[in-house]
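A closer look at the structure
Listed here are the chains, written in short residue letters.
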Amino acid sequence: MKFNSPLAVITLLSAATVSAFFVGPSTTRISPSSTTQLHISSWGAGGPPSRQKQVQISPADNIQEYLKQPEPVAARSNLDGKVLVSGWVNSKDRTDQTIFDFLNDEESAFRFETIVAFVDDAKFAKKRLISRSARYTGLLDKLDFVQADSPGALPTVAQLEGIKSWVVNVGSDVSLLHDVANLVKLAPSVENVSVLVTDAQTVDDDINAVSAGVGALKALEAEGKSFTVVAVGAITETPEGAIPYQIKDFGTEAAILPANATYSRDESLRAVTECLGLQSGCNKALTFSEVTNVNQTEYKLVKGLREGGYTRPQEFDHMLTVGPEAYDKACEEFGTKGPPRTSYDEWLEQKQKELDESSAERKARVKAEYEEKKQKEIEEIAREWAKREYFRKATSGDMPYSEEEYIQSVWERALFEGDLKYRMMNGQETDERKELAEFKKKQEKKKAMMLERAKASLQELLDEDDLVGSKKGGDDDE
C-alpha cells in the first residue's frame, strides 16, 4: 500500500504511537472468591484517629513522654539598677568577660542599667574588658570600674552604696561567706547576692565554716534580702553545656564532692547568674556536680530537657523545682497506673452511658432539650417583634422609652407573638384572631387583678397610718 499524502503518514504514525503507550481494558475477570477488601473511609482500615488507641510509651523509654511543653518561668522582680561583680578580671590568663556577657544578655531576665566590675587593678581590667564584642553587645555602655582597697579584698559598705545586686566569686575560701553576709546586711541598697564557691571538694574539712557562712546568709531573709550560693568542683575549660549535672544542698552530706570533682568554668558562671535571676533559686545554697553516667537519672533528665527545647533558665528552673525525683516517680507509676484517658475512651464511655440510660430518662432528656431549644427560638422571634414595634412607634411619634425599656414593657405580648410565629413556621395549627382575643382578655383580667391587689395594699397602709395617728392622739389626751 502506498501513501502519497504526508498527512496520511503522520496520522498513521500518531495512531501507532498512541497504541504503544495506552493499553486497552483487560478482559480478565476477578474471581468472586477474591480476598480483596475495599475500605470506603478515607481514614483507612484503622478508622478515624478518635477510634484508634495510641500506644503508651514508658517515660523510662522516651523521656519526652514525661516532659511537658516548655513554659515561661518566674524571674525575680528586682533585677534592675546596678549590679556589682567581684572576684573576676584579676588574671592575665583570661578576660573573664563571660560573666559580664551573661548579665548583659538581652534575652535574659536581667535589666541592669550599670554593671560594675570590682577589681584589683582598674586599668588592667579596662584593657581586658574593652573588646569588639563588648562594644557590639552594648556592654561597654553599661560597664563601670571600681578598684579594691587591696588585692583580693571585698568591697566596703561605702563601695556597695547604690548597688542592688552583687555577684561574688569567693573561690575556695568559705570563710568569706560570713563576711559577704555581713556586708549585704549593712548595705541598705543591696537586695540580691549570688556567691560562687569553686574547688568545693577541698572544703569538706571546713564544714563548720560552711555551716556558719550559709547560716549567716539565711539570716538575710529576715532583712528582706535574697541570697544564692553555687558551689562547684575544680574549674576546667570544658565548654558550657557539654556535661549534664546534678544539684544537691550545699553543706549537707549528700553534697560532699569527691577529691577529683571538676566543673566547667563557663557552666559555673551560667549557674551562678541563672540562679540569681530565677525566683526558684532564691535563698538556696546549692552544689552543682558533673554527671557522666549515662544511666543516671540526672543525666537523662538534663539531656531530655535540652532535646525538648527548654532554654537554660527553663532547664535550671525544672531541675530546681521538679528535679529528678518526679521523673523517677513517673517511671515507677507507669506500670501500676493506668494509661491516660484518650478521646476514644471518652467516646466509649458516653456510648455506654447512653445504652444504660432508661427509655423514660432518655425521653425526658430529649423532651427537655427540645423545650429549651424551642423556648430560645421563641424568645429570639419575640425580641425581633418588639424591636420592630419600637421602631414603628418611634418613627411615628414621640417615644418616652429606650429600646430596652420598651421591650420589657411589651415582653408578654412579644412572647405571645413569638410563640404564634414559631407554631406557624413549624406547620402547627394557629388561629391568630381567636388567640389574640383570648390573650388580650387574659391581660385585662390580669390588669384588673393587679389593680385590686394594689388598692388592697394601699388601703392596708392607710389603715396602719390611721391606727398610729389614733394612738398618738390618745397619748396626747393623757
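Given the structure is predicted, the values throughout are model-derived calculations rather than measurements.

1. Let's talk about the overall build of the protein chain
Within the protein chain, the regular secondary structure consists of 16 helices and 10 strands. Across the 478 residues that make up the protein chain, the buried fraction comes to 35%. Contacts in the protein chain between residues at least 24 apart in sequence constitute 79% of all its contacts with a sequence separation of at least 6.

2. Remarks on the pattern of salt bridges
If the charged atoms of two oppositely charged side chains come close together, the side chains can form a pair. All told, the structure shown has 16 salt bridges when counted by the stated rule. Note that R312 and E267 form a salt bridge whose closest N and O atoms lie 2.5 Å from each other. Of this pair, R312 sits in helix α10 (residues 312-321) while E267 sits in helix α8 (residues 265-277), placing them 45 residues apart in sequence. In terms of burial, R312 and E267 fall into one category: buried. For E315, the salt bridge is made with R306, and the minimal N-O distance between the two is 3.1 Å.

3. Things to note about the nonpolar core
In terms of nonpolar packing, the biggest core is built from 47 residues, with F100, L103 and F288 touching the most fellow members. Residue contributions to this core peak at 5 residues, all from α8. With sequence-adjacent residues up to four places away left out, F100 is seen in contact with V85, V89, I115, A117, L129, L139 and L143. A148, V210, L217 and L220 belong to the second-largest nonpolar core, a separate cluster that totals 36 residues.

4. Considerations on the packing of aromatic side chains
Any pair of aromatic rings gets described here by the distance separating the centres and the angle formed by the planes. With the rule as written, the count across this model stands at 7 aromatic pairs. Aromatic ring contacts, followed pair by pair, group Y245, F288 and F316 into a single cluster. Residue placement shows R270 over the ring face of F102; its charged tip is 3.9 Å from the ring centre.

5. So, unusual backbone geometry
Of note in this structure, D199 is not a glycine but carries a positive phi near 55°. Its location among the elements puts D199 in the loop between β5 (192-197) and α7 (207-218). Given the relative accessible area of 28%, D199 is considered partly exposed. A positive phi angle, close to 60°, is found at N283, a residue other than glycine.

6. Regarding a negative patch on the surface
On the surface, E460, D463, E464, D465 and D466 cluster together into a negatively charged patch. Relative to the assigned elements, E460 resides in helix α16 (residues 432-477).

7. Side note on the confidence of the model for the protein chain
Across the protein chain, the average pLDDT comes to 85, with 84% of residues at 70 or higher. Ranking the elements of the protein chain by mean pLDDT puts helix α1 (residues 6-21) last, at 44, and β5 first, at 98.

8. Some points on a nonpolar patch on the surface
Taken together, L458, L461 and L462 make up a surface patch of nonpolar side chains, about 280 Å² in accessible area. With respect to the secondary-structure elements, L461 resides in helix α16.

9. Some points on the packing of helix α6 (residues 176-186) against α7
Their axes nearest at 7 Å, the elements α6 and α7 cross at an angle of 15°. One way to sum up the angle between α6 and α7 is to call them roughly parallel. α6 and α7 meet at a crossing whose hand is left-handed. Seen from α6, the contacting residues are L177, H178 and A181; seen from α7, they are A212, G213, A216 and L217. The residue makeup of the contact of α6 with α7, split by class, is 5 nonpolar, 2 polar and no charged.

10. Details of the packing of α8 against α10
As a packed pair, α8 and α10 sit with axes 10 Å apart at the nearest point and diverge in direction by 75°. With respect to α10, the element α8 is oriented roughly perpendicular. Across from E267, R270, A271, E274 and C275 in α8, the residues of α10 making contact are R312, P313, F316 and L320. Here the residues of the contact of α8 with α10 sort into 5 nonpolar, no polar and 4 charged.

What counts, and at which threshold
- Residues numbered from 1 in each chain as written.
- Predicted model: local features only at pLDDT ≥ 70, side-chain atom pairs only at ≥ 80, totals over all residues.
- Heavy atoms only, no water.
- Helix = DSSP H or I, 4+ residues; strand = E, 2+ residues; numbered from the N terminus.
- Buried < 20%, exposed > 50% of the residue type's maximum accessible area, 1.4 Å probe, protein only.
- Contact = heavy atoms within 4.5 Å.
- Salt bridge = Lys/Arg side-chain N within 4 Å of Asp/Glu carboxyl O.
- Core = buried A, V, L, I, M, F, W, Y, C linked by side-chain atoms within 4.5 Å.
- Phe/Tyr/Trp six-rings, centres within 6.5 Å; stacked < 30°, edge-to-face > 60°.
- Lys NZ or Arg CZ within 6 Å of the ring centre and 35° of its normal.
- Patch = residues over 30% accessible without salt bridge, like charges linked within 9 Å, V, L, I, M, F, W, Y side chains within 5 Å.
- Areas by Shrake-Rupley, 256 points an atom, 1.4 Å probe, with all protein chains shown as cover.
- Lys, Arg positive; Asp, Glu negative; His and termini not counted.
- Charge placed at Lys NZ, Arg CZ, Asp CG, Glu CD.
- pLDDT = per-residue confidence, 0-100.
- Axes fitted to C-alpha atoms, helices over the stretch in contact; angles between N-to-C directions.
- Parallel < 35°, antiparallel > 145°, perpendicular 65-115°, else oblique.
- Left-handed = near helix turned anticlockwise from the far one by under 90°.
- Nonpolar A, V, L, I, M, F, W, Y, C, P; charged D, E, K, R; others polar.

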